[in-house]
Amino acid sequence: MTANDSLADSQSAKRFRTLFLSDLHLGTRGLQAELLLDFLKHHDADTIYLVGDIVDGWRLKGGWYWPQAHNDVVQKLLRKARKGARVVYVPGNHDEFARDYTGMEFGGVEVADTDIHETADGKKMLVIHGDQFDIVVRHARWLAFLGDWAYEAALFANTWANRVRRLFGVDYWSFSAWAKLKVKNAVNFIGDFEQTLAAEAARRGVDGVVCGHIHHATIRHIEGMLYVNTGDFVESCTAIAEHADGRFEILYWRKTAKEQEAAAEAAAQQPPALPQARAAA
């Protein structure tokens, strides 16, 4: 990318007070790298939190996979730090090796085990990946590794299915995300995880929590605590933005900006629907 390209990116980007991204899983085929790069091109912030599982050390141990697009993601994030954004990296379970560097800074990126973020309207939010409160990860790592293998297989099939869908102009759809919300045990796990993180925020005397880990983006109140989950860029292609007034929003990026513009133009060119004729008396 040339300097002129970088300047054009910054001028066209939508700016927020804070952006939260997690579960990119660099080093796996599941990462929607094209969509993530497009997202980073069109969004900027004063502060960017990388809320864990940014690099997938589990997968890289089993075999090296690092295409140029993944390198481009790292370079884009480092470029944002060089241009003045505060970038904070809070490691997760897949990149737990980075926890050995807590308190250090690399290329303008701070590494922190957790952080307390204060919003524009004065709320204090615990920023944490969340794997510390996942019983399977903590007490049955072999089961977590087995589940990760099955999950990777599902994502591989999902990636190819969505390439075909895009060729036919059909929207992105995640089978694994759909399955999570249909399987009772998965729904119960998500509910328990959310409750536990909200309770941890209350224990620490803050107003809420921003986390990742379970690849399920949401913003809701749980027993007086604001619970915010960033989602991921593997299944749902989501991030969390904090606006200048402190308001949080889920950003969905399942299509590139170019695809979104084309879809909007196509919709605008559609003739208005005719009113339905009244049924004969």
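Residues numbered from 1 in each chain as written. Predicted model: local features only at pLDDT ≥ 70, side-chain atom pairs only at ≥ 80, totals over all residues. Heavy atoms only, no water.

A.B. asks: Can you help me understand the overall build of the protein in this one?
C.D. replies: Looking only at helices and strands, the protein has 9 helices and 12 strands in total. The buried share of the protein, taken over its 281 residues, is 48%. In the protein, once contacts between residues fewer than 6 apart in sequence are set aside, the share between residues at least 24 apart is 68%. (Helix = DSSP H or I, 4+ residues; strand = E, 2+ residues; numbered from the N terminus. Buried < 20%, exposed > 50% of the residue type's maximum accessible area, 1.4 Å probe, protein only. Contact = heavy atoms within 4.5 Å.)

A.B. asks: In this structure, what is going on with the nonpolar core? I would like to understand it.
C.D. replies: Soluble, globular proteins show a tendency: their nonpolar side chains are buried together. Ranked by size, the top nonpolar core spans 33 residues in total, and within it Leu 19, Leu 21, Leu 36, Phe 39, Leu 50 and Phe 233 carry the most contacts. Of all elements in the fold, only strand E1 (14-21), helix H2 (33-42), strand E2 (43-50), helix H4 (68-82), strand E3 (86-89) and strand E11 (238-242) reach the threshold of two or more residues within this core. With 6 residues, the single largest contributor to this core is H2. Once residues lying within four places of it in the same chain are set aside, the contact partners of Leu 50 are Leu 21, Leu 77, Val 87, Val 88, Tyr 89 and Val 90. (Core = buried A, V, L, I, M, F, W, Y, C linked by side-chain atoms within 4.5 Å.)

A.B. asks: Whenever I open this one, the environment of Lys 80 confuses me. Can you help?
C.D. replies: Summarising the element assignment, Lys 80 is placed in helix H4. Classification of Lys 80 as buried rests on a relative accessible area of 9%. Between the alpha carbons of Lys 80 and Gly 108 there is a distance of 9.3 Å; along the sequence they are 28 residues apart. Setting aside chain neighbours within four positions, we find Lys 80 in contact with Leu 40, His 43, Asp 44, Ile 48 and Ala 85.

A.B. asks: Please clarify how H4 should be interpreted in this entry.
C.D. replies: At 3.6 residues per turn, the α-helix brings residues three or four places apart onto the same side. Compared with an ideal rise of 1.5 Å per residue, which puts 15 residues at 21 Å, H4 spans 21 Å between its outermost C-alpha atoms and is within 8% of the ideal. Those residues of H4 lying buried are His 70, Val 73, Lys 76, Leu 77, Arg 79, Lys 80 and Ala 81. Of the residues one or two after H4, Gly 84 is the one with positive phi, at around 115°. (Expected span 1.5 Å × (residues − 1).)

A.B. asks: Sorry, what's going on with the sheet that holds strand E7 (residues 124-127) here?
C.D. replies: Pairing is mixed in the open sheet, where 5 strands are placed in the order E6-E7-E8-E10-E9. Because the sheet does not close on itself, it has two edges, and the strands there are strand E6 (115-118) and strand E9 (218-222). Sheet twist, expressed as the average angle between the axes of neighbouring strands with direction ignored, equals 25°. (Pairing = 2+ DSSP bridges. Axes fitted to C-alpha atoms, helices over the stretch in contact; angles between N-to-C directions.)

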